[in-house]
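For reference, the chains in residue letters:
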Amino acid sequence: MKILVIGSGGREHALAWRISQSKRVSSVLVSPGNAGTTRSEGIRNIQGQTVSEWLRIAQEENVYLTVVGPEAPLSEGIVDTFRAAGLRIFGPTQAASQLEGSKDFAKQFMVRHGIPTARAATFNEAAAAHSYIDQHGAPIVIKADGLAAGKGVVVAMRLQEAHDAVDAMLGGSLGGAGHRVVIEEFLTGEEASFIVMVDGKHILPLATSQDHKRLLDGDQGPNTGGMGAYSPAPVVTPSLHGRIMREIIVPTVAGMAAEGTPYTGFLYAGVMIDAQGIPKTLEFNCRMGDPETQPIMMRLKSDFTVLLEHAIDGTLNTIEAEWDLKNAIGVVMAAEGYPGTPRKGDVITGLDSKSENVEVFQAGTSLTSEGEVVTSGGRVLCVTAMAHTLKQARQLAYTHAEQIHFNGAQQRSDIGWRALPVSGQH
Ligand code: AMP
Ligand code: GLY
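As the structure is a prediction and not an experimental result, all values here were calculated from the model. (Residues numbered from 1 in each chain as written. Chains lettered and ligands numbered in written order. Predicted model: local features only at pLDDT ≥ 70, side-chain atom pairs only at ≥ 80, totals over all residues. Heavy atoms only, no water.)

## Remarks on the site of ligand 1
Right, so step 1: Around ligand 1 sit 14 residues, and of these Glu184, Leu187, Glu191, Lys213 and Glu283 come closest.
Right, so step 2: Within the side chain of Glu283, one N or O atom sits 2.7 Å away from an oxygen atom of ligand 1.
Right, so step 3: In the complex, the protein chains occlude 90% of the 470 Å² of accessible area that ligand 1 would expose alone.
Right, so step 4: If you list the elements that add at least two residues to the shell around ligand 1, you get strand E7 (140-144), strand E8 (153-156), strand E9 (181-185) and strand E17 (279-285).
Right, so step 5: Of the residues that constitute the shell around ligand 1, the class distribution is 6 nonpolar, 1 polar and 7 charged. (Near = heavy atom within 4 Å. Polar contact = N/O pair within 3.5 Å; in protein donor to acceptor, adjacent residues only side chain to side chain. Areas by Shrake-Rupley, 256 points an atom, 1.4 Å probe, with all protein chains shown as cover. Helix = DSSP H or I, 4+ residues; strand = E, 2+ residues; numbered from the N terminus. Nonpolar A, V, L, I, M, F, W, Y, C, P; charged D, E, K, R; others polar.)

This is the structure we're talking about:
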């Protein structure tokens, strides 16, 4: 069978890599893909940028099922379009993807269903937003309502930053995405990425993971799309896992069904766990995380196509996912300038070196006509390794990363730090 993966990032490379290992799969098409997917065995890139192009590809190539990586095509209604054409696709409908596509929708939904989250208010008018900020003080968090490619959240530690963010967003700095803002209470604690597969009714949790959103070591510097991730995340203890399922995931899936927009697809709750161990929802994403997918896919032992099939058929309750008990970690190498405007066109060397239990998932890369792999985006690749302990996995990933070079590369040296014992004690 042929499987189509939509997207071009490290998440899509990891999904395609895992899917290509299924004995049932003859080939994986990635559209548009990157230099890494085009150079991988069993995977082929195919040009496509729009929902109608992807529909044509799925029909012409006789694709058995389609998996969508990024949020934008979901918000544009790719799932509705494919279903109307009788094609099998895994993802939320346009209506259900509002859980990610509108922060205001998600917030009101959580309030309606008693799902724990930060207190918030929505504004489309600057004066009222400014007075709300003055009333509540800093730190405070300003979020653009719509999709803003990871640039829509400002965690303002000072009042002035909050006021500036409101003026910028409502003033059009993010286009239509910022014409409404959600202003919410600042939460403290440790974040985890809680990702599940949903078939409209039943839920299959994936392995737990944790991302590193800040650019620099020690969680300093600007927010990014994610500089590294690991799985499992020990902060999500079995009892906390149960609590997040009961208080966040189950009511979300039940609430969406009750409101006539049943949720199908990956559902990612970004959760903040406070010092008392109480989880609150920071955000919903209607897709898998990037780079969380990379370590999660390393650990998946089940045939992923079987899980996807059950998810599309509404029978997720009849299966379980099998995970490697080892620890996996992914270290992102990003281009100079990221998370601002990344420099492109730097030649990447060392991609052909191999280490056991290491996979290099590419993201912002492209192939030149001379066959060289060059940088073409902010996050360039993610060196992902798996070993018995997190410490060993981390060592393996960093050792392998030393063999990969491009000018201006940026990487954190402390991925996984929250889950490792204090240095010197192990
Ligand atoms: P989001 O896209 O909503 O996950 O926001 C991006 C990042 O901003 C999150 O991963 C958090 O690190 C941070 N953030 C979002 N909301 C809050 C909040 N209410 N309190 C503290 N930090 C937040
Ligand atoms: N790594 C965070 C995200 O994918 O949203």
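## Observations concerning the packing of aromatic side chains
Right, so step 1: Enumeration over the complete set of coordinates arrives at 5 aromatic pairs.
Right, so step 2: Ring centres 6.4 Å apart and planes at 15 degrees place the aromatic pair Phe105 and Phe109 in the stacked group. Taken together, the positions of Phe105 and Phe109, both in helix H7 (residues 103-112) and 4 residues apart, correspond to about one turn of that helix. Neither residue differs from the other here; Phe105 and Phe109 are each classed as buried.
Right, so step 3: Chaining the aromatic ring pairs together yields one cluster made of Phe90, Phe266 and Phe304. (Phe/Tyr/Trp six-rings, centres within 6.5 Å; stacked < 30°, edge-to-face > 60°. Buried < 20%, exposed > 50% of the residue type's maximum accessible area, 1.4 Å probe, protein only.)

## Some remarks on helix H12 (residues 304-313)
Right, so step 1: Taken together, the buried positions of H12 are occupied by Phe304, Thr305, Leu307, Leu308, Glu309 and Ala311.
Right, so step 2: Looking one or two places after H12, you find Gly314, whose phi comes out positive at around 80 degrees.

## Concerning the packing of helix H1 (residues 10-20) against H12
Right, so step 1: Look at H1 against H12: their axes get within 8 Å of each other, and the N-to-C directions meet at 105 degrees. When the axis of H1 is compared with that of H12, the two are roughly perpendicular. Side by side, H1 and H12 meet where Leu15, Arg18 and Ile19 of the first sit next to Phe304, Thr305 and Leu308 of the second. (Axes fitted to C-alpha atoms, helices over the stretch in contact; angles between N-to-C directions. Parallel < 35°, antiparallel > 145°, perpendicular 65-115°, else oblique. Contact = heavy atoms within 4.5 Å.)

## Focus: the site of ligand 2
Right, so step 1: Close contacts around ligand 2 come from Asp211, Lys213, Gly225, Tyr268, Asn285, Arg287, Gly289, Asp290, Pro291 and Glu292, and that covers them all.
Right, so step 2: Between ligand 2 and Asn285, the relevant distance is 3.5 Å, taken from an oxygen atom to a side-chain nitrogen or oxygen of the residue.
Right, so step 3: Side-chain polar atom of Arg287 to an oxygen atom of ligand 2: 2.9 Å apart, as the coordinates give it.
Right, so step 4: When ligand 2 sits alone it has 200 Å² of accessible area, and the protein chains cover 91% of it.

## A few points about the packing of helix H8 (residues 126-136) against helix H9 (residues 159-170)
Right, so step 1: The interhelical angle for the contact between H8 and H9, taken along N-to-C directions, is 160 degrees, at an axis separation of 10 Å. As far as their axial angle goes, H9 and H8 are roughly antiparallel. The interaxial crossing formed by H8 with H9 has right-handed handedness. Note on element contacts: H9 touches H8 through Leu159, Ala162, His163, Val166, Asp167 and Leu170, opposite Ala126, Ala129, His130, Ile133 and Asp134.
Right, so step 2: Of the residues belonging to the contact of H8 with H9, the class tally is 7 nonpolar, 2 polar and 2 charged. (Left-handed = near helix turned anticlockwise from the far one by under 90°.)

## Structural notes on the sheet that holds strand E12 (residues 210-211)
Right, so step 1: As summarised here, the arrangement of the 5 strands in space is E12-E15-E18-E22-E19, forming an open sheet in which the pairing is antiparallel. Each edge of the open sheet carries a strand with a single partner, namely E12 and strand E19 (358-362).
Right, so step 2: Bridge count for strand E18 (residues 327-334) against strand E22 (residues 379-387) is 8 bridges, and the pairing is antiparallel. Across the sheet, Val332 pairs through a bridge with Cys382, a residue of E22. (Pairing = 2+ DSSP bridges.)

## Points about H7
Owing to its 3.6 residues per turn, the α-helix brings residues three or four apart onto one side.
Right, so step 1: Burial within H7 is extensive, with 7 of its 10 residues counted as buried.
Right, so step 2: Along H7, the residues that are buried comprise Lys103, Asp104, Phe105, Ala106, Lys107, Phe109 and Met110.
Right, so step 3: Positive phi shows up at Gly114, right after H7, with a value of about 65 degrees.

## Things to note about the layout of surface pockets
Right, so step 1: Size it by volume and the second largest pocket reaches roughly 450 Å³.
Right, so step 2: Together, 20 residues line the second largest pocket, and His13, Ser40, Lys354, Glu359 and Val360 are the ones closest to its centre.
Right, so step 3: It is E19 that provides the largest number of residues to the lining of the second largest pocket, a total of 5 residues.
Right, so step 4: Within the lining of the second largest pocket, the residues separate by chemical class into 6 nonpolar, 9 polar and 5 charged. (1 Å grid on protein atoms, 1.4 Å probe; cavity = no way out; pocket = protein on both sides within 12 Å on 5 of 7 lines; lining within 4 Å. Points joined across faces, edges and corners; volume = space filled by probe spheres on them.)

## Digging into the sheet that holds strand E11 (residues 203-205)
Right, so step 1: On the basis of which strands lie adjacent, the open sheet formed by 4 strands has the order E11-E10-E16-E17 and antiparallel pairing. Each edge of the sheet is formed by a strand with only one pairing partner; in this case those strands are E11 and E17. On average, adjacent strands in this sheet sit at an angle of 30 degrees to one another, irrespective of strand direction.
Right, so step 2: Note: strand E10 (residues 190-199) against E11, 3 bridges, orientation antiparallel. In the sheet register, Val196 faces E11, and the bridge partner there is Pro205.
Right, so step 3: Relative to the sheet, H12 contacts E10, E11 and strand E16 (264-273), its axis offset from that of E10 by approximately 65 degrees.

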